[in-house]
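# Structural characterization, general
Residue strings, one per chain:
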Amino acid sequence: MSSERIHARYVSEHIGEQIILKGWAQTIRDQGKIAFVVLRDVTDTVQLVITKNDDTDVLETVQNLSTESVIEVTGTAQSSDQAPGGREVKMDSLTVLSAAADLPIPVVEKEGETPHISKRLDYRWVDLRKEETRTIFEVWTEMERAFEEFCRQEGFIEIHSPKIMNSPSEGGSEYFQVDYFDEKAYLSQSPQFYKQMAMAAGFENVFEVGAVFRAEKSFTPRHATEFTGFDVEMSFIEGLPDLISWEERMLVYVLEQIQETYGERIKELYGTEIVVPEIPFPRIPMNEAKAILAERDIPSKSPVDVSPEEERALGEYAQEEYGHEFVFLTEYSTQVRPFYHMRSENNVTKSADLLYRGLEITTLAQREHRPEVLEQQAQEKGVDPQSVDYYIDFFRYGCPPHGGMGIGPSRIIKQMLGLESIREATYLFRGPKRMSP
Ligand code: ATP
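Residues numbered from 1 in each chain as written. Predicted model: local features only at pLDDT ≥ 70, side-chain atom pairs only at ≥ 80, totals over all residues. Heavy atoms only, no water.

The secondary structure content of the protein chain amounts to twelve helices and 16 strands. Expressed along its principal axes, the backbone C-alpha trace of the protein chain runs to roughly 85 × 55 × 40 Å. Counting the 437 residues in the protein chain, one finds 53% classified as buried. When contacts within the protein chain are restricted to residue pairs at least 6 apart in sequence, those whose partners lie at least 24 apart make up 64%. For the protein chain, the accessible area works out to roughly 21,100 Å², and carbon and sulfur atoms hold 47% of it. When the 46 basic and 75 acidic side-chain charges of the protein chain are each reduced to a single mean position, those positions are 4 Å apart. (Helix = DSSP H or I, 4+ residues; strand = E, 2+ residues; numbered from the N terminus. Buried < 20%, exposed > 50% of the residue type's maximum accessible area, 1.4 Å probe, protein only. Contact = heavy atoms within 4.5 Å. Areas by Shrake-Rupley, 256 points an atom, 1.4 Å probe, with all protein chains shown as cover. Lys, Arg positive; Asp, Glu negative; His and termini not counted. Charge placed at Lys NZ, Arg CZ, Asp CG, Glu CD.)

So, in structure tokens, the structure goes:
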């Protein structure tokens, strides 16, 4: 007899024993003489059974039970050829811990009856009960763990930079201004400046997992107004190739871990294969990319940047040409890069974007660490050097050459699982028209 609660996944290890289960009554089937309840907990589902002949009041409780109520059950685990997973639990007692009212959205959806995403987000806590949605966050947990583990193994120091700033961290117009006592404050658009400060502080290599705020009024499947960012900054790099090869190794590590732990489940639930990429990933300079796109008749809005459609087409190209899901797009023009990206000749920056299955997931760049060059580049970009003087100051007292990257984990998950939007890859999405729940 096991008097401790066990989870549904482990019922088959307790055949013949009396066990306690706790979870949600996902489906209830009352056939008069016999009734079945499918109990779901965070690990799995298991069928519970009670018959009229059993000398308990459980059948009556089941008959009055509402779908998705939270229950506690004591019963005997037994093998059953008919039950899903080959095991079920014959109930001895059933207690309703929390009765559920009529559901606003179903947990078990009928084919083709998935509610609209906005309704699903309105009732996110019910939406998240589904195995497919919960799995997204189990995979995310693994991804974040592997990312952090990789950074720690490489001796990186973890930082948590403040999100309250006295000036917009990236400039432009995509910032949120908030009241801060008698002053105005701005929500951090990225840890950019403060992670670079860690280079001047001699931390050499740092990483951060934190909130990023962008006042982007876009309703695309890849933009949120608040998202989690993975940020990395590295000192004493020789150039962009160091950053690229670091990210390659990191992604191989992360995808290996995910494939190992969740590969099968992802295939089953999302019908997609986790592919551990080969190193090196293909690298295509912007000029070449534009020529490839022109050959494929993909319309170009700008000679120096790529649209989502062009990103998708480049993803297809990388797959066809190199059999690769990733591609680094290099040699971005200074026109579309911020003043702090280091430049090489011909108005080209030492920066790149990484596309995964045809969507940008990372921007990488070597930073300009020479204060006088920074001042000049700021001026050229129309940024008042005075307004960023506090930042340029980081580089006035000795700062190594450095560079880093900003990675969007919700975009990685979206692409990895083939989700429609980062709305689904985010625990609670924030967009121009969504602040609750
Ligand atoms: P985009 O051009 O797609 O708007 P960006 O160039 O503004 O992205 P960066 O500022 O380089 O993006 O940010 C680094 C990474 O953070 C991006 O590669 C992406 O993965 C992620 N990211 C950027 N903006 C968003 C957003 N609004 N919502 C979710 N993730 C984002």
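Having put the structure on the table, let's press on.
Here we take up the sheet that holds strand 1 (residues 18-30). Taken together, five strands build a closed barrel; the order of strands is 1-2-3-5-4 and the barrel is mixed. Mean inter-strand twist for the sheet, computed between neighbouring axes without regard to direction, equals 55°. The pairing of strand 2 (residues 34-40) with strand 3 (residues 45-51) spans seven bridges and is classified as antiparallel. If you follow valine 38 over to strand 3, its bridge partner there is glutamine 47. (Pairing = 2+ DSSP bridges. Axes fitted to C-alpha atoms, helices over the stretch in contact; angles between N-to-C directions.)

The subject of this paragraph is the sheet that holds strand 7 (residues 164-165). Pairing is antiparallel across the open sheet formed by three strands, whose spatial order is 7-9-8. Strand pairing shows two members of the sheet lacking a second neighbour, strand 7 and strand 8 (177-180), which therefore form its edges. Taken together, the two bridges between strand 7 and strand 9 (residues 183-187) define a ladder with antiparallel strand orientation. By the bridge assignment, isoleucine 164 is partnered in strand 9 with leucine 187.

Neighbouring the ligand are 14 residues; Glu216, His223, Glu360, Ile361 and Thr363 lie closest to it. Within the side chain of arginine 214, one N or O atom sits 3.1 Å away from an oxygen atom of the ligand. Calculation on the ligand without its partners gives an accessible area of 590 Å², and the protein chains cover 82% of this total. Residue contributions to the shell around the ligand peak at four residues, all from strand 15 (residues 359-366). Classifying every residue of the shell around the ligand gives four nonpolar, five polar and five charged. (Near = heavy atom within 4 Å. Polar contact = N/O pair within 3.5 Å; in protein donor to acceptor, adjacent residues only side chain to side chain. Nonpolar A, V, L, I, M, F, W, Y, C, P; charged D, E, K, R; others polar.)

Time to look at empty space enclosed by the protein. Under the counting rule described, the total for this entry stands at one cavity of 30 Å³ or more. A volume near 50 Å³ is recorded for the largest cavity. Every element with two or more residues in the lining of the largest cavity is listed here: helix 4 (131-153), helix 6 (240-270) and helix 11 (409-417). Its residues assigned to classes, the lining of the largest cavity comprises nine nonpolar, no polar and no charged. (1 Å grid on protein atoms, 1.4 Å probe; cavity = no way out; pocket = protein on both sides within 12 Å on 5 of 7 lines; lining within 4 Å. Points joined across faces, edges and corners; volume = space filled by probe spheres on them.)

It is worth spelling out unusual backbone geometry at this point. The linkage connecting isoleucine 279 with the following residue, proline 280, adopts the cis geometry, with an omega of 0°. Residue position: proline 280 is located in the loop between helix 6 and strand 12 (283-285). Of note, the bond from serine 436 into proline 437 is cis; its omega dihedral lies within 30 degrees of zero at -10°. By secondary structure assignment, the location of proline 437 is in the segment after helix 12 (422-425). The residue glutamate 68 is not glycine, and still its phi comes out positive at about 75°. Along the chain, glutamate 68 turns up in the loop between helix 1 (58-63) and strand 4 (70-79). Classification of glutamate 68 as buried rests on a relative accessible area of 2%.

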